[in-house]
Amino acid sequence: MTILERDFYRRDACTVAEELIGKILVHDSPEGRTSGIIVETEAYRGPEDKAAHSYKGKRTERTEIMYHEGGLAYVYMIYGMYYCFNVTASVKGKPEAVLIRSLEPLEGLTLMSERRKTKSTVNLCNGPGKLCSAMGISREHYGIDLCGNVLYISEGSRNFRVRTSERINIDYAEECRNFLWRYFADDNKFVSKNPRCLKSNGD
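Criteria and cut-off values
Starting from 1, residues in each chain are numbered consecutively following that chain's sequence as written. Only residues with pLDDT of at least 70 are given local features in this predicted model, and only at 80 or more are side-chain atom pairs given and counted; all residues enter the totals for whole chains, interfaces and linings. Side-chain figures throughout are based on the complete set of non-hydrogen atoms in the structure, without hydrogens or water. Within 6.5 Å between ring centres, the rings of Phe, Tyr and Trp (the latter by its six-membered ring) count as paired, and their orientation is classed by plane angle as stacked under 30 degrees, edge-to-face over 60, tilted in between. Numbering of helices and strands runs from the N terminus; a helix is a DSSP stretch of H or I covering at least four residues, while a strand is a stretch of E covering at least two. Only protein chains enter the area calculation, which uses a 1.4 Å probe; residues under 20% of their type maximum are buried, those over 50% are exposed, and those in between are partly exposed. By definition, residues are in contact when any of their heavy atoms lie within 4.5 Å. In the sections that follow, a salt bridge refers to a side-chain nitrogen of Lys or Arg positioned within 4 Å of a carboxyl oxygen of Asp or Glu. Note on pairing: two strands pair once DSSP finds at least 2 bridges between them. What goes into a patch is any residue over 30% in relative accessible area without a salt bridge, connected to like charges within 9 Å or, for nonpolar side chains (Val, Leu, Ile, Met, Phe, Trp, Tyr), within 5 Å. The Shrake-Rupley method, run with a 1.4 Å probe, gives the accessible areas here. Residue values count only the displayed protein chains as cover. Note on terminology: a nonpolar core comprises buried Ala, Val, Leu, Ile, Met, Phe, Trp, Tyr and Cys residues joined through side-chain atoms within 4.5 Å. A fitted line through C-alpha atoms serves as each axis, taken over the contacting stretch for helices, and the angle formed by two N-to-C directions is quoted from 0 to 180°. Crossings are sorted by hand: turned counterclockwise from the far helix by less than a right angle, the near helix makes the crossing left-handed, and turned clockwise it makes it right-handed. The residue classification treats Ala, Val, Leu, Ile, Met, Phe, Trp, Tyr, Cys and Pro as nonpolar and Asp, Glu, Lys and Arg as charged. All others, Gly included, are polar. The directions considered for the arc are those from the helix axis to the C-beta atoms.

Visitor: Explain the packing of aromatic side chains here, please?
Guide: What describes a pair of aromatic rings is the distance from one ring centre to the other and the angle between the planes of the rings. In this structure the tally under the stated criterion is 4 aromatic pairs. Relative to Tyr 142, the ring of Tyr 74 lies with its centre 6.2 Å away and its plane at 75°, an arrangement referred to as edge-to-face. Of this pair, Tyr 74 sits in strand β3 (residues 73–78) while Tyr 142 sits in the loop between α4 (128–135) and β6 (151–154), and the two are 68 residues apart along the sequence. With relative accessibility at 2%, the residue Tyr 74 sits in the buried group. Aromatic pair Phe 179 and Trp 181: ring centres 4.7 Å apart, planes at 50°, arrangement tilted. When its relative accessible area of 18% is taken as the criterion, Trp 181 is described as buried. Among the aromatic residues, ring-to-ring pairing joins Tyr 74, Tyr 76 and Tyr 142 into one connected group.

Written out as structure tokens, the structure is:
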């Protein structure tokens, strides 16, 4: 299993988000290994992106890790109950990130099912909060180096046709809500939502 190196992440978030489709997210936890193929991502491009936590250069305790180098875990809580797992992108001082929205479960399905309290494989990781629960990702993983050997992303063997659409649940972002910065594997049942596809690679 070849773990992605730092240079993979030292690019703009849109490039990283698109190329993460088909890669494998792995968590070697004390309970066991879980992994899944990344099938859906969203890019957040920093100070100019009204949907990004770092819009206008906002720098808080929560967003601090985004200002470090690419390839680190940015984990935060939404609705006071669900974690979201993001990958930092670009270079030090440029706060960009990629939200991992959905996985196609690969290893550790029994452990994932126990964590999620569901026997539905399709429902294990088809959303950012669901995948964090299934993969055992929480706030304690904030800032972890994804080039390490605990929580990491490796090369994958599946090639997907990649589709793009507007990002989800960012109506507050004004014109930025229309950017086609959501990437997902075409015709994959593990994607959280399949809207009308607006673009595909090669079209």
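Visitor: What should I look at first to understand the environment of Tyr 55 in this one?
Guide: Looking at the secondary structure, you find Tyr 55 in the loop between β2 (32–44) and β3. As a C-alpha pair, Tyr 55 and Glu 31 span 24 residues in sequence and 37 Å in three-dimensional space. Beyond its immediate stretch of four places on either side in the chain, Tyr 55 contacts Gly 46, Pro 47, Glu 48, Asp 49 and Lys 50.

Visitor: Please clarify how the pattern of salt bridges should be interpreted in this entry.
Guide: Note that side chains of opposite charge can pair when their charged atoms are close. Enumeration over the complete set of coordinates arrives at 19 salt bridges. Where Asp 145 meets Arg 6, a salt bridge forms, and the shortest distance between an N and an O atom there is 2.8 Å. Pair noted here: Asp 145 is in the loop between α4 and β6 and Arg 6 is in helix α1 (residues 6–9), with a separation of 139 residues, a long-range link. The exposure class of Arg 6 is buried, given its relative accessible area of 15%. One salt-bridge network, held together by shared partners, links Arg 6, Asp 7, Arg 10, Glu 69 and Asp 145.

Visitor: What's the story with the pairing of β2 in this structure? I'm lost.
Guide: If a strand is regular, its side chains alternate between the two faces of the sheet. Counting buried positions along β2 yields 11 of 13 residues, so the element is predominantly enclosed. As paired strands, strand β1 (residues 24–29) and β2 are joined by 6 bridges and run antiparallel to one another. Bridged to Asp 28 within β2 is Arg 33. Count of turn residues in the β1/β2 antiparallel hairpin: 2 residues.

Visitor: I'm lost on a nonpolar patch on the surface in this one. Help?
Guide: Taken together, the side chains of Tyr 79, Met 81 and Tyr 82 make up a nonpolar region of the molecular surface, amounting to roughly 390 Å² of accessible area. Residue position: Tyr 79 is located in the loop between β3 and β4 (82–89).

Visitor: Quick question: what am I supposed to make of the nonpolar core here?
Guide: Generally speaking, soluble globular proteins have nonpolar side chains that are buried together. In terms of nonpolar packing, the biggest core is built from 44 residues, with Leu 20, Leu 25, Phe 85 and Ile 100 touching the most fellow members. Apart from residues lying up to four places away in sequence, Ile 100 is in contact with Leu 20, Ile 38, Glu 40, Thr 41, Phe 85, Val 87, Pro 128 and Leu 131. Core analysis: the second largest hydrophobic core is formed by 14 residues, Ala 51, Ile 65, Cys 84 and Leu 99 among them.

Visitor: Just checking my understanding: could you explain the packing of helix α3 (residues 109–116) against α4 for this structure?
Guide: For any two helices packed against each other, the geometry is given by the interaxial angle and the distance between the axes. It is the contact of α3 with α4, at a shortest axis distance of 7 Å, that shows an interaxial angle of 115°. Crossing of α3 over α4 shows right-handed handedness. Two secondary-structure elements touch here, α3 through Met 112, Arg 115 and Arg 116 and α4 through Lys 130, Ser 133, Ala 134 and Met 135. Residue composition of the contact of α3 with α4, grouped by class: 3 nonpolar, 1 polar and 3 charged.

Visitor: How should α3 be read in this particular structure?
Guide: Buried residues of α3: Leu 111, Met 112, Arg 115 and Arg 116, and no others. Looking down the long axis of α3, one finds its buried residues gathered within 125° of arc, a one-sided arrangement. Facing away from the buried side of α3 by over 90 degrees, the exposed positions are Thr 110 and Glu 114. Count one or two residues on from α3 and you reach Lys 117, which has phi positive near 55°.

Visitor: Even after reading the chapter, I still don't get the pairing of strand β7 (residues 162–165), so can you show me in this structure?
Guide: Alternating residues of β7 divide into Val 162 and Thr 164 and Arg 163 and Ser 165, and every residue in both groups is buried. Both β7 and strand β8 (residues 182–185) contribute to a ladder of 4 bridges, which runs antiparallel. Residue pairing across strands places Arg 163 opposite Phe 184, the latter belonging to β8.

Everything listed here is a matter of coordinates, which is why it stays silent on function.
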